[in-house]
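# Summary of the model geometry
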Amino acid sequence: MGSGLQRAQRFMMLATGLYRASHLTAGFAAVLRKAPGEVLPWVVFGGILASSAWLYGNAYARGWFDRRWVWADVLVTGCSVPLLVCLATGARSGGGWVPGGTEVALYGWLFLLGGSVSAVAGVALAPRPAVGAVLLLLGTTPAAYLWVIGQEAAPGFALVGHLNSVVSSAVMARVFWWYLRRQGTQLDEAKERALTAEAARARQTERIAHHRALHDTVLATLTTIAAGRVDANAPLVRERCAREAAYLRRLIQREDDPEAAGAEAAEVAVGTALEEAVHSAECLGLKVTAQYHELPAVPRPVATALAAAVSEALNNVRCHAATGQAFLTAVGVGEGVSVTVVDRGAGFDPGALGGGTPDGSASGTGLRRSIHARLAEIGGRSEVDSAPGEGTSVQLRWPA
């Protein structure tokens, strides 16, 4: 559709083009009825039609009017043709045409063109040149008008009406063009602000995703090692550290990877992503009993979000449940997935935490950000069921 300004320009070209077409239609009807066998009326009509087609065809090809052709339209269509036609149609006798009234019926439509010519000049020319073009039309067309009709036969109000048509067409077209151009410019500015805001939201979303990923992987590993819960030199711990170092490198290089965007849309086996999360938790000493049943292929963002949510749930079991074992069950539900992570540990009161983490940090990234928010972003749903001394169950569903 183009910008708002371009749409405004196309509308004004269409509006003035229809205005010109209405005058050409009147001319065609007049020539067809009054002079079907004469040559000059058809030559005049054909010339005006060709020049109008050139003016608007060039404008649509370029996207807007060429000022050179607008001036040509003013000088030729609006001024020269009416005067030349008057001079070429014969002699006057007694202040009127011979034979009386025939030329008026044949060529009176030419004076309608003054309105559509001034309308184009009003929108396509700068203010001062547009005023000059209108004054030129006002100074030329009355002479031709009186010549055709005759001073005795031309009522004063008819001449005034013709001059008013020239002026009012230019003024109204100018006002319409000013309004449409203003609206189009405001629309473009609003669109630019929206794009800027959307880009900022995308960057913020990406930062939040990176923070979640770092919280659920690298930070969890470093916290466990720093607390002395595992041997940092154990092969499984070193394997996890190596895997997360590779993840950090991919995170840094992702923006420069031209194939990353296309890869996001591919469907992957959700079981593979979940098994990676289970293996990462086991590397830090948590025993996980996992069962998978008829899991479908899902879009990569869905598999990534589910695996990350499972990873956070297992991290919470390892750090807060006071148990070394968790149970994971993942089953296909139609074209969707249901994943449950259960432990038989200390449990907690979800209501008392306001949807925060089991360590009591309601503003942290635990349940609220790393699980609930992740599932909501992919169109899924998560539920946490726990009570002190009763263990914890985290259920993930996609789609909701």
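Residues numbered from 1 in each chain as written. Predicted model: local features only at pLDDT ≥ 70, side-chain atom pairs only at ≥ 80, totals over all residues. Heavy atoms only, no water.

## Here's the deal with the overall build of the protein chain
Just so we agree on the cut-off: Numbering of helices and strands runs from the N terminus; a helix is a DSSP stretch of H or I covering at least four residues, while a strand is a stretch of E covering at least two. Burial classes: relative accessible area under 20% of the type maximum marks a residue as buried, over 50% as exposed, and values in between as partly exposed (1.4 Å probe, protein chains only). Between two residues, a contact is recorded if the distance between any of their heavy atoms is within 4.5 Å. All accessibility values rest on the Shrake-Rupley procedure with a 1.4 Å probe; residue burial counts only the protein chains present in the view.
Looking only at helices and strands, the protein chain features 14 helices and 9 strands. The 400 residues of the protein chain split such that 39% are buried. A separation threshold of at least 6 residues defines the contact pool for the protein chain, and within that pool the share at least 24 residues apart is 72%. In the structure as shown, the protein chain presents an accessible area of about 20600 Å², 61% of it carried by carbon and sulfur atoms.

## A word on the packing of aromatic side chains
Put simply, the rule is: In summary, the pairing rule links any two rings of Phe, Tyr or Trp, Trp by its six-membered ring, whose centres are within 6.5 Å, and it sorts them by plane angle into stacked for under 30 degrees, edge-to-face for over 60 and tilted for everything else.
For the structure shown, the criterion picks out 7 aromatic pairs. Arranged with centres 6.4 Å apart and planes meeting at 90°, the rings of Trp 42 and Phe 45 form a pair that is edge-to-face. Placement of both Trp 42 and Phe 45 in helix α2 (residues 40–62) is noted, with a separation of 3 residues, approximately one turn of the helix. Note on Phe 45: relative accessible area 8%, which makes it buried.

## Side note on helix α11 (residues 270–283)
What counts here: Take the number of residues in a helix, subtract one, and multiply by 1.5 Å to get its expected span.
Between its first and last C-alpha, α11 extends 20 Å over 14 residues, near the 20 Å set by a 1.5 Å rise per residue. Here α11 has its buried residues at Val 270, Gly 271, Ala 273, Leu 274, Ala 277, Val 278, Ser 280, Ala 281 and Cys 283.

## Here we look at the nonpolar core
Stated precisely, the cut-off is as follows: Residues belong to a common nonpolar core when they are buried Ala, Val, Leu, Ile, Met, Phe, Trp, Tyr or Cys residues joined through side-chain atoms within 4.5 Å.
Core analysis: the biggest nonpolar cluster contains 35 residues, and Leu 306, Val 310, Leu 314, Leu 328, Val 339 and Leu 396 have the highest contact counts within it. For this core, the elements supplying multiple residues, two or more each, are α11, α12 (300–320), β6 (325–333), β7 (336–343), α14 (366–377) and β9 (392–398). At 10 residues, α12 tops the list of elements feeding residues into this core. Look past the residues within four positions of Leu 328 in its chain and what remains in contact with it is Val 278, Val 288, Thr 289, Ala 290, Gln 291, Tyr 292, Val 310, Val 339, Thr 340 and Val 341. Core analysis: the second largest hydrophobic core is formed by 26 residues, Met 12, Met 13, Val 74 and Ala 130 among them.

## Brief notes about the confidence of the model for the protein chain
As a reminder, the rule being used: In predicted models, pLDDT denotes the confidence assigned by the predictor to each residue on a 0 to 100 scale.
In the predicted model, the protein chain carries a mean pLDDT of 79, and the fraction of residues at 70 or more is 77%. Scored below 50 in pLDDT, residues 91–102 makes 18 contacts in the model with residues more than four places away or belonging to other chains. Ignoring residues within four places in sequence, the model shows residues 256–265, a span with pLDDT below 50, making 4 contacts including any to other chains.

## Some remarks on the sheet that holds β9
In plain terms, the rule: Here a strand pair is declared whenever DSSP counts at least two bridges between the two strands. Interaxial angle, 0 to 180 degrees, is taken between N-to-C directions of lines fitted to C-alpha atoms, where a helix line uses only the stretch in contact.
Strand order in this open sheet of 5 strands is β4-β6-β7-β9-β8, and the pairing throughout is mixed. Two strands close off the open sheet at either side, each with one partner strand: β4 (287–293) and β8 (381–386). Pairwise comparison of adjacent strand axes, ignoring direction, gives a mean angle of 10° for this sheet. The pairing of β8 with β9 spans 6 bridges and is antiparallel. By the bridge assignment, Ser 386 is partnered in β9 with Thr 392. Of the strands in this sheet, β4, β6 and β7 are in contact with α11, which crosses β4 at around 170°. In the packing of α12 onto the sheet, the strands contacted are β4, β6, β7 and β9, and the crossing angle to β7 comes to about 10°.

## Side note on unusual backbone geometry
Here the residue pair Trp 398 and Pro 399 is connected by a cis peptide bond, since its omega of -10° sits within 30 degrees of zero. By the element assignment, Pro 399 lies in the segment after β9. With a phi angle near 50°, Glu 294 is a residue other than glycine that sits in the positive phi range. Take Glu 294: it is sitting in the loop between β4 and β5 (297–299). According to the relative accessible area criterion, Glu 294 is exposed, its value standing at 64%. Positioned with a positive phi, Ala 322 is a non-glycine residue whose angle comes to about 55°.

## Observations concerning a nonpolar patch on the surface
The condition that has to hold: In this analysis, a patch consists of residues with relative accessible area above 30% that form no salt bridge, clustered at 9 Å for like charges and at 5 Å for the nonpolar side chains Val, Leu, Ile, Met, Phe, Trp and Tyr. A side-chain nitrogen of Lys or Arg and a carboxyl oxygen of Asp or Glu constitute a salt bridge if their distance falls within 4 Å.
Together, Val 167, Val 171, Met 172, Val 175 and Phe 176 make up an exposed nonpolar region whose accessible area comes to about 440 Å². Judged by relative accessible area, Val 171 falls into the partly exposed class, the value being 46%.

## Here's the deal with the packing of α11 against α12
Stated formally: Should an angle fall under 35 degrees it is called roughly parallel, over 145 degrees roughly antiparallel, and 65 to 115 degrees roughly perpendicular, with every other angle called oblique. Each helix crossing is assigned a hand: it is left-handed if the near helix lies turned anticlockwise from the far helix by less than a right angle, otherwise right-handed if that turn is clockwise. Note on residue classes: Ala, Val, Leu, Ile, Met, Phe, Trp, Tyr, Cys and Pro are nonpolar, Asp, Glu, Lys and Arg are charged, and everything else, Gly too, is polar.
Two numbers describe how α11 lies on α12: the axes approach to 9 Å, and their chain directions differ by 25°. In terms of their interaxial angle, α11 and α12 are classed as roughly parallel. As for how α11 packs across α12, the hand of that crossing is right-handed. Packed against α11, whose contacting residues are Val 270, Ala 273, Leu 274, Ala 277, Val 278 and Ala 281, the element α12 presents Ala 303, Leu 306, Ala 307, Val 310, Ser 311 and Leu 314 at the interface. Split into classes, the residues belonging to the contact of α11 with α12 amount to 11 nonpolar, 1 polar and no charged.

## A few points about the side chain of Asn 58
Mapped onto the elements, Asn 58 comes out in helix α2. Contact partners of Asn 58, with chain neighbours within four places excluded, come to Trp 64, Asp 66 and Trp 69.

## Regarding the pattern of salt bridges
Inspection of the entire model under this criterion finds 3 salt bridges. For Arg 20, the salt bridge is made with Asp 73, and the minimal N-O distance between the two is 2.7 Å. Here Arg 20, found in helix α1 (residues 4–34), pairs with Asp 73, found in helix α3 (residues 67–88); they are 53 residues apart in sequence, far enough to count as distant. For the pair formed by Arg 20 and Asp 73, the shared burial category is buried. Among the ionic pairs, Arg 68 bridges to Asp 66, the shortest N-O distance being 2.7 Å.

## Comments concerning the environment of Glu 239
Of note, Glu 239 is situated in helix α9 (residues 235–253). Separated by 41 residues in sequence, Glu 239 and Ser 280 have C-alpha atoms that sit 9.0 Å apart.

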